[in-house]
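# Examining the three-dimensional arrangement
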Amino acid sequence: MLDYAALNALAAVVREGSFERAARALHVTPSAVSQRVKALEERTGGALLVRGQPCVATEAGLQLCRHVERVGMLEHELHEALPALGMGGGEAGERVTVRVAVNADSLATWFIAAAAAFASQEEGALLDLTVDDQDHTAERLRSGAVLAAVTALAQPVAGCNSEALGTTHYVAAASPGFVRRYFKKGVGARTLANAPSLVFDRKDRLQTRWVRRICHRNVETPRHWVPSSTAFVDAACAGMGWGMHPASMVADAIREGRLVELVPGSTLPVPLYWQQARAAPQLLKKLGAAVRAAATSGPHALA
């Protein structure tokens, strides 16, 4: 039999990032958490954690974390079916945590509606949302770091289903003053090579893809790095640079004249998909239903 006290300690350290925070979450001492993880490592014959700030799981550690998370979801379902068993019950230390990868723009627009709907239905469950570029969230699913993901990858990850959610349409936009300063001679390879662009992080390729579509070749643009969806829009409105924005997120700014499209009508479509394990526990299926509903309704619904 597996030692689930030790497995829960390991999962808590990975989730919380340190032995001290894991101990607080489990209502035990840091020494107890350390002893449980050490005993588990001795039993498996290898390291399950890379100690650091934060602590991260090894490949073997991730496998055990995936197992204990699935067991937690199954126990959550069993409690709903047989509440007299006394499991779960909404106590903080007994809640199950569902790890999901989502891209920043979805999180800033439609995904929170899905998360809130799920949380209101499942009071015994918590969400651990990991933000990554939509072209890379599937890698976290593939590695086992998360149990589900909003991704731009249509091809299902091994062992997962992939379901289309809709399309985010991105528009290239900047403030009127910025356009007058840098694009008075039009938008082309020469002017784009001189105009500062806004880029979310080192994985963000949206600006590069749009420039290639407009100029039919690669153009190296000056870059400001702005790793926040809301600050990204604020930076554009303030005249800091031009960037690719979800159309629904900047509709008001464009209508009010605070932003203007660089090339009207030249949107960049990015289809999004929901991927989760084929043999998903019921809790994960409920989250998927909430995600599908939020993606297709509301002011930020995907096209």
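Residues numbered from 1 in each chain as written. Predicted model: local features only at pLDDT ≥ 70, side-chain atom pairs only at ≥ 80, totals over all residues. Heavy atoms only, no water.

### A closer look at helix α13 (residues 282–295)
Our working rule: Strands are runs of DSSP state E lasting at least 2 residues, helices are runs of H or I lasting at least 4, and numbering of each runs from the N terminus. Expected helix span is computed as 1.5 Å times (number of residues minus one). Each residue is assigned to one of three classes by its accessible area relative to the maximum for its type, calculated with a 1.4 Å probe on protein chains only: buried under 20%, partly exposed between the two thresholds, exposed over 50%. As used here, the arc belongs to the directions running from the helix axis to the C-beta atoms.
Spanning 14 residues, α13 covers 20 Å between terminal C-alpha atoms, matching the ideal 20 Å at 1.5 Å per step. Among all positions of α13, only Leu283, Leu284, Leu287, Gly288, Ala290, Val291, Ala294 and Ala295 are buried. Each buried residue of α13 lies within a common arc of 160° when the element is viewed along its axis, so the set occupies one face.

### Regarding the side chain of Thr137
Rules: Note on definitions: a residue-residue contact is assigned when non-hydrogen atoms from the two residues lie within 4.5 Å.
Looking at where Thr137 falls in the secondary structure, it is placed in helix α7 (residues 137–143). In contact with Thr137, other than residues within four places in its own chain, are Ala101, Val102, Asn103, Asp132, Ala149, Val150 and Thr151.

### Quick word on the packing of helix α2 (residues 19–26) against helix α3 (residues 30–44)
Put simply, the test is: The convention used is that axes are lines fitted to C-alpha atoms, helices contributing only their stretch in contact, and that angles between N-to-C directions extend from 0 to 180 degrees. Should an angle lie under 35 degrees it is considered roughly parallel, over 145 roughly antiparallel, and from 65 to 115 roughly perpendicular; all remaining angles are considered oblique. Residue polarity follows a fixed list, in which Ala, Val, Leu, Ile, Met, Phe, Trp, Tyr, Cys and Pro are nonpolar, Asp, Glu, Lys and Arg are charged, and the others, Gly among them, are polar.
In contact at an axis separation of 8 Å, α2 and α3 are set at 105° when each is read in the N-to-C sense. In terms of orientation, α2 lies roughly perpendicular with respect to α3. Contacts between α2 and α3 involve Phe19, Glu20, Ala22, Ala23 and Leu26 from the first element and Pro30, Val33, Ser34 and Val37 from the second. When its residues are assigned to classes, the contact of α2 with α3 shows seven nonpolar, one polar and one charged.

### Here we look at the nonpolar core
Note the cut-off: Only buried Ala, Val, Leu, Ile, Met, Phe, Trp, Tyr and Cys residues count toward a nonpolar core, and they belong to the same one when joined by side-chain atoms within 4.5 Å.
Among the nonpolar cores identified, the biggest contains 45 residues, and Trp110, Phe111, Trp242 and Trp274 are the most heavily contacted of them. Per-element tally for this core: the top contributor is α13, with seven residues. Those residues in contact with Phe111 that lie beyond four places of it in its chain are Val100, Val102, Ser106, Leu129, Val150, Trp274 and Val291. Ala6, Leu10, Phe19 and Leu64 belong to the second largest nonpolar core, which has 19 residues in total.

### Observations concerning the packing of aromatic side chains
The description of an aromatic ring pair uses the distance of the two centres, along with the angle that the planes make with each other. The condition that has to hold: Here the aromatic set is Phe, Tyr and Trp, taking the six-membered ring for Trp, and pairing holds for ring centres within 6.5 Å; pairs whose planes are under 30 degrees apart are stacked, those over 60 apart are edge-to-face, and all others are tilted.
This structure, assessed with the given rule, holds four aromatic pairs. Considering the side-chain rings of Trp110 and Phe111, the 5.6 Å spacing of their centres and the 65° angle between planes classify their relative orientation as edge-to-face. For Phe111, a relative accessible area of 0% gives the class buried. Ring geometry for Trp210 against Trp242: centres 5.4 Å apart, planes inclined by 50°, an arrangement best described as tilted. Here the residue Trp210 occupies a position in helix α10 (residues 206–215), and Trp242 occupies one in the loop between α11 (229–237) and β9 (243–246), the gap between them amounting to 32 residues. By relative accessible area, Trp242 is classed as buried at 0%. Cluster of aromatic residues (ring-pair linked, three or more members): Phe178, Tyr182 and Phe183.

### Structural notes on helix α1 (residues 4–16)
Formally: Each polar contact in these results corresponds to two N or O atoms within 3.5 Å; when the atoms are within protein, one needs to be able to donate a hydrogen and the other to accept it, and residues that are neighboring in sequence are counted only if both atoms are side-chain atoms.
The end-to-end C-alpha distance of α1, which contains 13 residues, comes to 18 Å, matching closely the 18 Å that a straight helix rising 1.5 Å per residue would cover. Listing the buried residues of α1 in full gives Ala6, Leu7, Ala9, Leu10, Ala11, Ala12 and Val13. On the buried face of α1, the contacting elements are α2, α3, β1 (49–50) and α4 (59–81). The residue sitting at the N-terminus of α1 and contributing the capping side-chain oxygen is Asp3; that oxygen lies 3.1 Å from the backbone nitrogen of Ala5. Immediately downstream of α1, the backbone of Gly17 shows phi near 95°, a positive value.

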